[in-house]
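Chain and residue survey
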Amino acid sequence: MRIGIKQLAVAVILFMLVGIYSASWMGLWSTTNSKTPAKYEAGSEAAGQYRPDDIRGSHTFGEVAELYGVDVEVLRKAFEIPSDVDMKVYQLKNLETVYADSPIEIGTGSVRTFVALYQDLPYELTEEALPLGAAMMLLEHDNGLSDEEKVYLEAIVGGPAQAAPTQPDPAQPTTEQSVPAQTTQAQPAQTVPAQQTPVQPAPAQPQQVAPPTPESSGTGQGNGTGTHVEGEEPAINGQSTFAAVLALGITEEQIEAVIGGDMPAKNLSIRDYCRDNGLQFSVVKSQLSELVE
Amino acid sequence: MKKSISIRTIIQIVFFVLVGAIAFNHTLAESGQSIPFLASASVHAICPFGGVVTLYQLVTTGSFVQKIHESAVVLMGIAFLLAILFGPVICGWICPLGSIQEWIGKLGRRLWGKRYNTFIPKKIDGILKYARYVVLFMVIYMTASTGMLLFADVDPYFALFHFWTGDTAIAALIILGVTLIGALFVERPWCRYACPYGALLGLFNKFRIFKIKRNPSTCISCKACDHACPMGIEVSGQGNITDTTCISCMECTSERHCPVPHTVELMVGSFNPKPDTDESVK
């Protein structure tokens, strides 16, 4: 039996159409991730509320404001987003580009931390950096901040390093700031900034990387590796996977002893594992960190 | 005999435009605008190779590698089904990156004439074709071990449909550039030497159901099939084409470049031992 070019063409088109429509009919055709964050489970003090640790870079500030009940202008002020930027469409992942030249890494993780502390939601404090203005706002807002959280914020606000003579008002973009970069080239009929030059945000605040544990990752982007601060020991942070921990020299048996269970998939994030198995990430992290040392 | 525009070319154009439009719409959607009635999925969501790279993580953790969605796994399945039946038709009929290389290759043929496709000696070409499998192994291994779509940083397909945004890795843009310029000298250079997905689908040529077969009893050894093959396969020297680089484009067949009817066909079974007596060479 031979197949001619016309028959093959029909077969190719049919297979594609039938395959896609069948998958769609079965609910298997999804081209986007669900942007609805996970919620705290029943029994948690914040049961039913959205978890801030499930905020993603693809979320926009408008979506975060709506989901977590934070005024969008509060977010704008905290992260020094210029007033002409449309927060409804401005994605959190743009922060990495905006703050690319900053000595500290501000990104999606920073927004998670800010939202969690602003709304007093249960959250494992990691080493996410915050802009100075955001930390100051949180201290001023003080919505049930714990002692640990206050120490974390005060380390950012009142930390030793800065020679920065003036602390720019986070609500007032400084003259060094240009319009934040947007990674897409959508032409602004709208308020999405079109320029590609990164913002120069509130400068010279490296003391903001002096939270309790000296890790530098603030991107909220898991990369499966422990991050390193130059000149310091490798660290385990919220984005670390079990593969990263193994790469630091910890054995599977040691990991199993810490987590009290079988070694899970190596590319699973430790924080996700803890969350799914009812473990405290901070406890697991500190035990694993001790093993690294 | 070569027709003015083939059905395959039309289908290639349709998918190229479709993927381009979806990718552009995705960019618009990120800024709050989008073209209605047109999907705005990311190019990762509509690339079947995404399904391949996420398989390990899907099986071990039940989750997808970042930026990969269910749609990619569905497309992977469709591509595999087609490959089992007809070979890597995704490569020869649908992949926009393959298509644009082919179109640039037509320019190359006009520029270089018979010298086109001869710049790389056959021996070296034969060795370089295995490089695809090295790329395939590395991509799958690194994606499985990190859970991240590292290939996007070098993927020319992604670069082709993202170059207008600011978030395409320089390496990917360079590789795209090299690929497109290389297509002026060698036909489908990315497909031949580097495409990990083509490497995987090519394996299906060893056991596909409908094979490209050459009838030695009617073949006149004119080598038209060899010249027509975009992947440099010596069709005239084989009975069944099981070369892993075959992309099922059908250019070697009697409907396209082979001048003798029913001599090179996509078929299952054997050739009729008695050719029609009143049929003549085209």
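Residues numbered from 1 in each chain as written. Chains lettered and ligands numbered in written order. Predicted model: local features only at pLDDT ≥ 70, side-chain atom pairs only at ≥ 80, totals over all residues. Heavy atoms only, no water.

**Looking at the side chain of Thr263 of chain B**
Residue and element names in this part refer to chain B. The following threshold applies: Secondary structure counts use DSSP, requiring at least four H or I residues in a row for a helix and at least two E residues in a row for a strand, with both numbered from the N terminus. With a 1.4 Å probe rolled over the protein chains alone, any residue whose accessible area is under 20% of its type maximum counts as buried; one over 50% counts as exposed, and the rest are partly exposed. Contacts are assigned to residue pairs that have any heavy atoms within 4.5 Å of one another.
Mapped onto the elements of the fold, Thr263 is located in the loop between strand E2 (240–241) and strand E3 (264–267). When its relative accessible area of 1% is taken as the criterion, Thr263 is described as buried. When neighbours within four sequence positions are excluded, Thr263 is seen to be in contact with Lys213, Arg214, Asn215, Thr218, Cys219, Ser254, Cys258 and Phe271.

**Remarks on the sheet that holds E2 of chain B**
To keep it simple, the criterion reads: Two strands are said to pair when DSSP picks up at least two bridges between them.
Sheet architecture is open: four strands sit in the order E1(A)-E3(B)-E1(B)-E2(B), paired in antiparallel fashion. Since the sheet does not close on itself, it has two edges, and those belong to strand E1 (2–3) of chain A together with E2 of chain B, each with one partner. Here E1 of chain A runs beside E3 of chain B; their pairing, made up of two bridges, is antiparallel. Residue pairing in the sheet places Arg2 of chain A in a bridge with Met267 of chain B of E3 of chain B.

**A look at helix H3 (residues 70–86) of chain B**
For the record, the criterion: Given the number of residues in a helix, its expected span is that number minus one, multiplied by 1.5 Å.
Compared with the 24 Å implied by 1.5 Å per residue over 17 residues, the 24 Å span of H3 of chain B between its first and last C-alpha is a close match. All of the buried residues along H3 of chain B are Ser71, Ala72, Val74, Leu75, Met76, Ile78, Ala79, Phe80, Leu82, Ala83 and Phe86 of chain B. Contacts made by the buried residues of H3 of chain B are with E1 and helix H1 (5–25) of chain A together with helix H2 (49–61), helix H4 (89–94), helix H11 (196–202) and E3 of chain B. Of the residues one or two after H3 of chain B, Gly87 of chain B is the one with positive phi, at around 90°.

**Things to note about helix H2 (residues 61–68) of chain A**
All names here are of chain A. Rules: Each direction from the helix axis to a C-beta atom contributes to the arc, which is the arc of those directions.
Those residues of H2 that sit buried are Phe61, Gly62, Val64, Ala65 and Tyr68. All buried residues of H2 fall inside an arc of 165° around its axis, so they share one side. Its buried side turned inward, H2 meets helix H3 (72–78), helix H4 (94–98) and helix H5 (108–118). Trailing H2 by a residue or two, Gly69 shows a phi angle of about 70°, which is positive.

**Brief notes about the interface of chain B and chain A**
Where we set the bar: The salt bridge criterion pairs a side-chain nitrogen of Lys or Arg with a carboxyl oxygen of Asp or Glu, the two atoms within 4 Å. Residues are grouped as follows: Ala, Val, Leu, Ile, Met, Phe, Trp, Tyr, Cys and Pro are nonpolar; Asp, Glu, Lys and Arg are charged; all remaining types, including Gly, are polar.
Each side of the interface is counted separately: chain B has 50 residues, and chain A has 41 residues. Between Arg2 of chain A and Glu265 of chain B there is a salt bridge, with its nearest N and O atoms 3.0 Å apart. Of all the elements in the fold, those that place two or more residues in the side of chain B that touches chain A are helix H1 (7–30), H2, H3, H4, helix H7 (131–146) and E3 of chain B. For the side of chain B that touches chain A, the element with the most residues is H3 of chain B, which contributes nine residues. Taken together, the residues of the side of chain B that touches chain A break down into 26 nonpolar, 18 polar and six charged.

**Re the confidence of the model for chain A**
Heads up, the rule is: Think of pLDDT as the predictor's per-residue confidence, scored from 0 to 100.
Per-residue pLDDT for chain A has a mean of 72; in total, 70% of the residues score no lower than 70. Low pLDDT, under 50, characterises residues 160–234 of chain A; the predicted model gives this stretch 177 contacts beyond four residues in sequence or across chains.

**Some details on the side chain of Asp54 of chain A**
Heads up, the condition is: N or O atoms closer than or at 3.5 Å make up a polar contact, with two conditions inside protein: a donor-capable atom paired with an acceptor-capable one, and, for residues adjacent in sequence, both atoms drawn from side chains.
Mapping Asp54 of chain A onto the fold places it in the loop between H1 and H2. Of note is the side chain of Asp54 of chain A, whose polar atom sits 3.3 Å from the side chain of Arg56 of chain A.

**Considering the packing of H5 of chain A against helix H6 (residues 132–141) of chain A**
Pairs of packed helices are described in terms of their axes, by the angle between the two and the distance that separates them. Residue and element names in this part refer to chain A. Spelled out, the test is: In this analysis, axes come from line fits to C-alpha atoms, helices being fitted only over the stretch in contact, and the angle between any two N-to-C directions falls in the range 0 to 180 degrees. When describing relative orientation, an angle under 35 degrees is termed roughly parallel and one over 145 degrees roughly antiparallel, while 65 to 115 degrees is termed roughly perpendicular and anything else oblique.
Closest axis-to-axis distance for the H5/H6 pair is 10 Å, and the angle between their directions is 10°. Judged by the angle between their axes, H5 and H6 are roughly parallel. Each of Phe114, Leu117 and Tyr118 in H5 lies in contact with H6, whose residues at this interface are Ala134, Met137, Leu138 and His141. Considering only residue class, the contact of H5 with H6 consists of six nonpolar, one polar and no charged.

**Focus: the state of the cysteines**
All names here are of chain B. Counted only if it meets this: In this description, a disulfide is simply a cysteine sulfur pair whose atoms lie within 2.5 Å.
Summed over the entire model, instances satisfying the criterion amount to zero disulfides over all chains. Cys222 takes part in no disulfide bond, and the closest cysteine sulfur to it belongs to Cys258, at a distance of 6.0 Å. The exposure class of Cys222 is partly exposed, given its relative accessible area of 36%. Cys249 takes part in no disulfide bond, and the closest cysteine sulfur to it belongs to Cys229, at a distance of 6.0 Å.

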